[in-house]
Amino acid sequence: GNSVTQMEGPVTLSEEAFLTINCTYTATGYPSLFWYVQYPGEGLQLLLKATKADDKGSNKGFEATYRKETTSFHLEKGSVQVSDSAVYFCALSDTSGTYKYIFGTGTRLKVLA
Amino acid sequence: DGGITQSPKYLFRKEGQNVTLSCEQNLNHDAMYWYRQDPGQGLRLIYYSQIVNDFQKGDIAEGYSVSREKKESFPLTVTSAQKNPTAFYLCASTSGGARTDTQYFGPGTRLTVL
């Protein structure tokens with residue numbers, strides 16, 4: 001079945017450092033790929049998405065490229081801020097004809113001033 | 001503003017009691033979902049509904065029940081059969097049908113069993 005694997009956290013960075021959070025997936029067909037962000041005590045918010053191979057999603061300085069050859073969708077940001085501290089989830093849309101979405105386990109990011 | 005509301009934000013339950021979590025959306029979305037989130041873990045699907053009067057079990061449906069009588073509402077009942085119900089519960093919706101659809105999430109309900 002379809003699955004998502006993301007790097008374990010926590011990831012701790014200093015302000016203005018470069019961020020990479022790895023995400024790889026297993027899927028048949030052509031899923032859409034998503035990154036969501038969750039701040040403490042809140043629901044998830046869409047950060048960015050890509051719907052086909054080689055698409056790049058971007059938002060608020062974050063980027064991720066849909067790489068079918070490496071089955072990856074790594075999240076990057078050139079210069080993180082303290083306000084980026086949150087949990088980040090990689091997800092994909094199921095390709096087996098259901099309306100389901102599969103989420104990774106989440107990666108906690110801590111940015112220190 | 002369109003969105004998803006969940007109530008209450010915090011809920012306390014005694015062992016052996018059923019409790020119902022509310023989820024309402026005004027996005028005119030067809031599909032709705034319930035997830036459970038435990039500390040340090042990802043989201044696990046409890047139930048989902050693609051259309052009114054229809055719903056399917058997710059990966060961890062045992063001890064839970066749902067109804068979908070109206071398009072905008074998808075309440076979740078945590079029954080006494082759920083052995084470890086303390087968790088953060090998230091409701092979500094999508095416009096439905098397309099693999100490119102974004103899921104929109106509510107703010108969550110934290111359930112604690114005393």
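As shown above, the structure is provided for reference.
None of the values given here were measured: they were computed from a predicted structure.

Novice: Help me get a handle on the sheet that holds strand β3 (residues 19-25) of chain B, residues and values and all.
Specialist: Residue and element names in this part refer to chain B. Read from one edge to the other, the open sheet built from 4 strands follows the order β1-β3-β8-β7, with strand pairing classed as antiparallel. The strands lining the two open edges of the sheet, one partner per strand, are β1 (4-7) and β7 (64-66). Geometrically, the sheet is characterised by an average inter-axis angle of 20° between neighbouring strands, direction not taken into account. Pairing between β1 and β3: 4 bridges, direction antiparallel. What sits directly across from Thr5, in β3, is Glu24.

Novice: Describe the interface of chain B and chain A, naming the residues involved and giving the relevant values.
Specialist: Contact with chain B, which involves 27 residues of that partner, is made by 22 residues of chain A. Broken down residue by residue, the surface that chain B buries against chain A is led by Arg99(B), Thr102(B) and Phe105(B), which jointly contribute 28%. Here chain B is connected to chain A by 1 salt bridge. Its salt-bridge partner being Lys100(A), residue Asp59(B) comes within 3.9 Å of it at the nearest N-O pair. Seen at the junction of chain B and chain A, the total is 7 residue pairs in polar contact (both at pLDDT 80 or more). Listing elements by their share of the side of chain B that touches chain A, those giving two or more residues are β4 (31-37), β5 (43-51) and β9 (87-94) of chain B. Classifying every residue of the side of chain B that touches chain A gives 11 nonpolar, 12 polar and 4 charged.

Novice: Any details on the pattern of salt bridges? Residues and values, ideally.
Specialist: Scanning all chains against the criterion turns up 7 salt bridges over all chains. Lys77(A) is the salt-bridge partner of Asp84(A), the closest N and O atoms lying 2.7 Å from each other. For the pair Asp84(A) and Lys77(A), a shared accessibility class is recorded, and that class is buried. We note a salt bridge from Asp38(B) to Arg36(B), for which the minimum N-O separation is 2.9 Å. We classify Asp38(B) as buried; its relative accessible area is 11%. One salt-bridge network, in which partners are shared between bridges, spans Arg36(B), Asp38(B) and Arg44(B).

Novice: A description of the state of the cysteines should follow, citing residues and the corresponding values.
Specialist: Covalently bonding the sulfur atom of one cysteine to the sulfur atom of another cysteine gives a disulfide. Tallying each qualifying case throughout the model produces 2 disulfides over all chains. Between Cys23(A) and Cys90(A) runs a disulfide, and the two sulfur atoms are separated by 2.0 Å. Because the sign of the S-S torsion sets the handedness, a value of about -70° for the bond joining Cys23(A) and Cys90(A) places this disulfide among the left-handed ones. One end of the pair, Cys23(A), is in strand β4 (residues 23-26); the other, Cys90(A), is in strand β10 (residues 86-93), and 67 residues separate them in sequence. The exposure class assigned to Cys23(A) is buried, which follows from its relative accessible area of 1%. Here Cys23(B) engages in a disulfide with Cys91(B); their sulfurs sit 1.9 Å apart.

Novice: Before we move on, can you summarise the nonpolar core with the specific residues and values?
Specialist: Counting residues in each nonpolar core, the largest one holds 26 residues, and the members touching the most others are Leu19(A), Trp35(A), Leu48(A), Phe73(A), Leu75(A) and Tyr88(A). Looking at this core, the elements that each hand over two or more residues are β2 (11-14), β3 (19-21), β4, β5 (33-38), β6 (44-50), β8 (62-65), β10 and β12 (107-112) of chain A. Counting residues per element, this core draws most heavily on β10(A), at 4 residues. Counting 19 residues, the second-largest nonpolar core is a separate cluster that includes Val19(B), Ala61(B), Leu76(B) and Leu111(B).

Novice: So what's going on with the sheet that holds strand β9 (residues 75-77) of chain A? Which residues, and what values?
Specialist: Residue and element names in this part refer to chain A. Across the sheet, which stays open at both edges, the 4 strands sit in the order β3-β9-β8-β7 with antiparallel pairing between neighbours. Strands with a single pairing partner mark the edges of an open sheet, and in this sheet they are β3 and β7 (56-59). Within this sheet the neighbouring strands show an average axis-to-axis angle of 15°, counted without direction. The sheet contact formed by β3 and β9 spans 3 bridges and is antiparallel. When the sheet's bridge partners are listed, Leu19 is paired in β9 with Lys77.

Novice: Any details on unusual backbone geometry? Residues and values, ideally.
Specialist: The linkage connecting Gly9(A) with the following residue, Pro10(A), adopts the cis geometry, with an omega of 0°. Tracing the backbone shows Pro10(A) in the loop between β1 (3-6) and β2. Unlike most non-glycine residues, Lys60(A) shows phi in positive territory, near 55°. Along the chain, Lys60(A) falls in the loop between β7 and β8. We classify Lys60(A) as exposed; its relative accessible area is 58%. Residues other than glycine seldom take positive phi values, yet Asn28(B) does so here, at roughly 60°. With respect to the helices, strands and loops of the structure, Asn28(B) is situated in the loop between β3 and β4.

Rules behind the numbers
- Position numbers for residues start from 1 in each chain and track the written sequence from start to end.
- As they are written, the chains are lettered A onward and the ligands numbered 1 onward, keeping that order.
- Local features are withheld for residues below a pLDDT of 70 in this predicted model, meaning they are given only at 70 or higher, and side-chain atom pairs are given and counted only at 80 or more; totals for whole chains, interfaces and linings count all residues.
- With hydrogens and water excluded, all non-hydrogen atoms of the structure serve as input to the side-chain values.
- Here, a strand pair is defined by DSSP locating no fewer than two bridges between the strands.
- Helix and strand definitions follow DSSP, with helices as H or I runs of at least four residues and strands as E runs of at least two, each counted in order from the N terminus.
- Every axis corresponds to a line fitted to the C-alpha atoms, with the helix fit spanning only the stretch in contact, and the corresponding angles, defined between N-to-C directions, vary from 0 to 180 degrees.
- Every residue pair with non-hydrogen atoms within 4.5 Å of one another is taken to be in contact.
- Computed with a 1.4 Å rolling probe, the buried area is the accessible surface lost when two parts are put together, summed over both parts.
- The term salt bridge refers to a side-chain nitrogen of Lys or Arg lying within 4 Å of a carboxyl oxygen of Asp or Glu.
- N or O atoms closer than or at 3.5 Å make up a polar contact, with two conditions inside protein: a donor-capable atom paired with an acceptor-capable one, and, for residues adjacent in sequence, both atoms drawn from side chains.
- Polarity classes work like this: nonpolar for Ala, Val, Leu, Ile, Met, Phe, Trp, Tyr, Cys and Pro, charged for Asp, Glu, Lys and Arg, and polar for all others, with Gly in that last group.
- Buried residues are those whose accessible area, probed at 1.4 Å on protein chains only, stays under 20% of the maximum for their type, while exposed residues exceed 50% and partly exposed ones sit between those limits.
- Cysteine sulfur atoms are paired as a disulfide whenever they come within 2.5 Å of each other.
- What makes a nonpolar core is a set of buried Ala, Val, Leu, Ile, Met, Phe, Trp, Tyr and Cys residues whose side-chain atoms join them at distances within 4.5 Å.

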